[in-house]
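Architecture at a glance
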Amino acid sequence: MSTKLILDEAAIRRSLTRIAHEIIERNKGVKDMVLVGIKTRGIFLARRLRERIWQIEGHEVPIGELDITLYRDDLTEKNKEPQLRDTNVPAIVGKKVILIDDVLYTGRTIRAAMDALIDLGRPQMIQLAVLVDRGHRELPIRPDFVGKNVPTSKREIVQVSLLEADNQMDEVSIKLNK
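A brief structural summary. Keep in mind that this is a model prediction, so the values were computed, not measured. (Residues numbered from 1 in each chain as written. Predicted model: local features only at pLDDT ≥ 70, side-chain atom pairs only at ≥ 80, totals over all residues. Heavy atoms only, no water.)

Describing the overall build of the protein chain
Each helix and strand in the protein chain was counted, giving 5 helices and 8 strands. Of the regular secondary structure in the protein chain, the N- to C-terminal order runs β-α-β-α-β-α-β-α-β-β-β-α-β. Radius of gyration (C-alpha) of the protein chain: 16 Å, near the 16 Å computed for a compact globule of 178 residues. With the C-alpha coordinates aligned to their principal axes, the bounding extent of the protein chain is approximately 45 × 40 × 30 Å. Residue burial in the protein chain is summarised as follows: out of 178 residues, 44% are buried. (Helix = DSSP H or I, 4+ residues; strand = E, 2+ residues; numbered from the N terminus. Rg over C-alpha atoms; globule rule 2.2 N^0.38 Å. Buried < 20%, exposed > 50% of the residue type's maximum accessible area, 1.4 Å probe, protein only.)

Shown next as structure tokens:
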């Protein structure tokens, strides 16, 4: 299986810094904003974005962790006994929610996440930030903030490794699944 590195640690850091600036600019600051990371890697990316926003704005944005397991439309296909993890999201009613994930592919994960968020309350708006957009959408979902657009084939696998989740280095690579 061949592997191609597309983002190293420095590139990930620069992408997240740029996304933080874009979030602040598009929303004219961080008032009434909540960052919500989709488990698992989206949470770590949300924490990093919160830190960068703090460095830029001097304001700590509330952060949440969202488990979408029960909202997936492929729940029975993926696993007979799904593993549920905690959802811990601050109040989102009337807030600007920035939903954060590592890779955007078909859009089904994001649809499930939006359903889960709406069950928690009615936000003012939901915006989407992803580290990698690889295309191949099956639903009409597009990100508002993207670290890197990576055209892929459906046979390729985009693998995100983060120090917090994988005990390795930060990197994004593409592997060809034969």
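Okay, back to it.
Brief notes about the sheet that holds strand 7 (residues 156-161)
The antiparallel open sheet is built from 3 strands, whose spatial order is 1-8-7. Pairing within the sheet leaves two strands with one partner each, and these edge strands are strand 1 (3-7) and strand 7. Each neighbouring strand pair of the sheet contributes to a mean axis angle of 25 degrees, computed without reference to strand direction. With 6 bridges connecting them, strand 7 and strand 8 (residues 171-176) associate as antiparallel partners. The partner of Val 160 across the bridge, within strand 8, is Val 172. (Pairing = 2+ DSSP bridges. Axes fitted to C-alpha atoms, helices over the stretch in contact; angles between N-to-C directions.)

Describing the sheet that holds strand 2 (residues 33-38)
Pairing between sheet strands relies on hydrogen bonds along the backbone, with the strands arranged either parallel or antiparallel. With parallel pairing, 5 strands are arranged side by side in an open sheet as 3-2-4-5-6. Edge strands, defined here as strands with exactly one partner in the open sheet, are strand 3 (63-66) and strand 6 (145-149). Sheet twist, expressed as the average angle between the axes of neighbouring strands with direction ignored, equals 25 degrees. Inspection of the sheet shows strand 4 (residues 96-104) paired to strand 5 (residues 125-133) by 8 bridges, in the parallel sense. When the sheet's bridge partners are listed, Lys 96 is paired in strand 5 with Met 125. Seen against the sheet, helix 2 (residues 41-57) touches strand 2, strand 3, strand 4 and strand 5 and runs at an angle of roughly 150 degrees to strand 2. Set on the sheet, helix 4 (residues 108-120) makes contact with strand 2, strand 3, strand 4 and strand 5; between it and strand 4 the angle comes to about 155 degrees. (Contact = heavy atoms within 4.5 Å.)

So, the pattern of salt bridges
This model, assessed by the stated rule, comprises 14 salt bridges. Between Lys 95 and Asp 32 there is a salt bridge whose closest N-O contact spans 3.7 Å. Of this pair, Lys 95 sits in the loop between helix 3 (75-78) and strand 4 while Asp 32 sits in the loop between helix 1 (9-26) and strand 2, and the two are 63 residues apart along the sequence. Taking relative accessible area as the criterion, Lys 95 reaches 26% and is therefore assigned partly exposed. Here Arg 137 ties to Asp 133 by a salt bridge, and the two come within 2.9 Å at their closest N and O atoms. Using a relative accessible area of 28% as the deciding quantity, one classes Arg 137 as partly exposed. A cluster of three or more residues bridged by salt bridges with shared partners is formed by Arg 26, Arg 142 and Asp 144. (Salt bridge = Lys/Arg side-chain N within 4 Å of Asp/Glu carboxyl O.)

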